[in-house]
Amino acid sequence: MTFQLDADGADAHDEDAADRYADGILSHSLPTELRRLRVMEQMLDPDEISVLGGLGIQSSWHCLELGAGAGSIARWLAERCPEGRVVATDLDTSFLEDGPPSGLEIVRHDVRSGDFPPGSFDVIHARALFMHLPDRDAVLRRVAAWLKPGGWLVVSDADMFTVDSTPHPAMHTMWAAVERLFTAQGSDPRWARRLSVELRRAGLADIGMSVTVDTFGGGGVTDEFWRSSIAQVRPFLMEQGLVSEAVYAEAQALLDDPDFRDTLWAYIRCWGRRPPG
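Fair warning: this is a prediction, and the values are worked out from it, not measured in the lab.

S.K.: Explain the packing of helix α5 (residues 169-184) against helix α7 (residues 221-239) to me, and be specific about the residues and the numbers.
M.R.: Angle between the axes and distance between the axes are the two parameters that describe a pair of packed helices. With their axes 11 Å apart at the nearest point, α5 and α7 run at an angle of 70° to one another. In terms of orientation, α5 and α7 fall into the roughly perpendicular class. For the element pair α5 and α7, the recorded crossing hand is left-handed. Contacts between α5 and α7 pair Met-174, Trp-175, Ala-177, Val-178 and Leu-181 from the former with Trp-226, Ile-230, Val-233, Phe-236 and Leu-237 from the latter. For the contact of α5 with α7, a count of residues per class yields 10 nonpolar, no polar and no charged.

Given below as structure tokens:
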């Protein structure tokens, strides 16, 4: 089931930010984005599911998946909460509408301006979402209010602090250019380390955190994800003159070297609970 949740109170600034993201380097309209998201699910879902599975999810829980992307976590929640309610939202829900499981509600929704009633959900999950919101801290506090007493908010985002000390000059230049692309569309790829602080400020307790760091080399799904991601941003880098063809070619040659190894971005997962009663 798919429906539109009106974004009451949206202003021109909100709409401009949404447009920049929807038309930017992670746009659903890009022909490679769905495949990139599905590879990301293969890479990140095991750790994500480990965190969610540790919360004691019950079959009757009401769950909200914000920025659901290609929908793997929303589907996982729907399978485990057949007696409850699972809502999956995104600015563009086109990747969610291919055979959603029974009981999964799909909602076109901008988390910055759309709303849900306070105390609606037992668990709210968001991955690779808040880092892309210009007003992310305020939105996080508002989202926390949608939790039922005792409910959990689980947020995962990437942080690029791990690439700062790369010994490869071409990769350093590439990552600096990618960071400029993200910040130009209102994203902050260095916000995720603040997650535990912001969850506390949102009034949540029992804060937990886990961190994984991507490494490139040796093949596997992580290599596939970063190859596809770097290829997807290439036209944007070139159009905006952020890197030269020579630098991109040097970075690509490193990726093609079977002996190349380097750390990439970190994934930081934090969760907190709304105090009961």
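What follows picks up the thread again.
S.K.: An account of the confidence of the model for the protein is needed here, citing residue identities and associated values.
M.R.: Considering every residue of the protein, the mean pLDDT works out to 90; 91% of them sit at 70 or more. Note on residues 1-13: pLDDT under 50 across the span, and 23 contacts to partners over four residues away in sequence or across chains.

S.K.: I'd love a proper account of the nonpolar core, names of residues and values included.
M.R.: Trp-175, Trp-226, Leu-237 and Trp-265 are the most contacted members of the largest nonpolar core, which has 38 residues in total. For this core, the elements supplying multiple residues, two or more each, are α2 (33-53), α5, α7, α8 (245-256) and β8 (262-273). Each residue touching Leu-237, except ones within four places of it in the same chain, is listed here: Met-174, Ala-177, Val-178, Leu-181, Leu-242 and Val-243. Formed by 28 residues, the second largest nonpolar core is a distinct cluster that contains Leu-64, Ala-144, Leu-199 and Ala-202.

S.K.: How would you summarise the pattern of salt bridges if you had to cite specific residues and measurements?
M.R.: For the structure on display, the rule yields 16 salt bridges. The salt bridge partner of Arg-80 is Glu-79, with a shortest N-O separation of 3.4 Å. Take Glu-79: its relative accessible area is 57%, and that puts it in the exposed class. Salt-bridge contacts for Asp-115 lead to Arg-142; the nearest nitrogen and oxygen are separated by 3.6 Å. With Asp-115 in the loop between β4 (104-108) and β5 (121-127) and Arg-142 in helix α4 (residues 136-144), the pair connects residues that are 27 residues apart, well separated along the chain. On the accessibility criterion, Arg-142 (24% relative accessible area) is partly exposed.

S.K.: Report on unusual backbone geometry, specifying residues and quantitative values.
M.R.: Unlike most non-glycine residues, Ala-128 shows phi in positive territory, near 55°. One can find Ala-128 in the loop between β5 and α4. The backbone of Asp-206 shows a phi angle near 55°, a positive value even though the residue is not glycine. Tracing the sequence through the fold places Asp-206 in strand β7 (residues 205-216).

Procedures and definitions
- Counting starts from 1 at the beginning of each chain's written sequence and moves along it residue by residue.
- Since the coordinates come from a predicted model, pLDDT governs what is reported: local features require at least 70, and pairs of side-chain atoms require 80 or more to be given and counted, while whole-chain, interface and lining totals use all residues.
- Each side-chain value is derived from all of the structure's non-hydrogen atoms; neither hydrogens nor water enter the calculation.
- For helices, the axis comes from a line fit to the C-alpha atoms of the stretch in contact; other axes are also lines fit to C-alpha atoms, and the angle between any two N-to-C directions lies between 0 and 180 degrees.
- Labels follow the DSSP assignment, with helices taken as runs of H or I lasting at least four residues and strands as runs of E lasting at least two, numbered in each case from the N terminus.
- An angle counts as roughly parallel when it lies under 35 degrees, as roughly antiparallel when it exceeds 145, as roughly perpendicular when it falls between 65 and 115, and as oblique in every other case.
- Here is the rule for handedness: rotate from the far helix to the near one, and if that takes an anticlockwise turn smaller than a right angle the crossing is left-handed, while a clockwise turn gives right-handed.
- Should any heavy atoms of two residues lie within 4.5 Å, those residues are considered in contact.
- Residues were grouped as follows: Ala, Val, Leu, Ile, Met, Phe, Trp, Tyr, Cys and Pro as nonpolar; Asp, Glu, Lys and Arg as charged; and all remaining residues, including Gly, as polar.
- Along the chain, pLDDT gives the predictor's confidence residue by residue, from 0 to 100.
- Put simply, a nonpolar core is a bunch of buried Ala, Val, Leu, Ile, Met, Phe, Trp, Tyr and Cys residues held in one set by side-chain atoms that sit within 4.5 Å of each other.
- With a 1.4 Å probe rolled over the protein chains alone, any residue whose accessible area is under 20% of its type maximum counts as buried; one over 50% counts as exposed, and the rest are partly exposed.
- One speaks of a salt bridge when a side-chain nitrogen belonging to Lys or Arg is within 4 Å of a carboxyl oxygen belonging to Asp or Glu.

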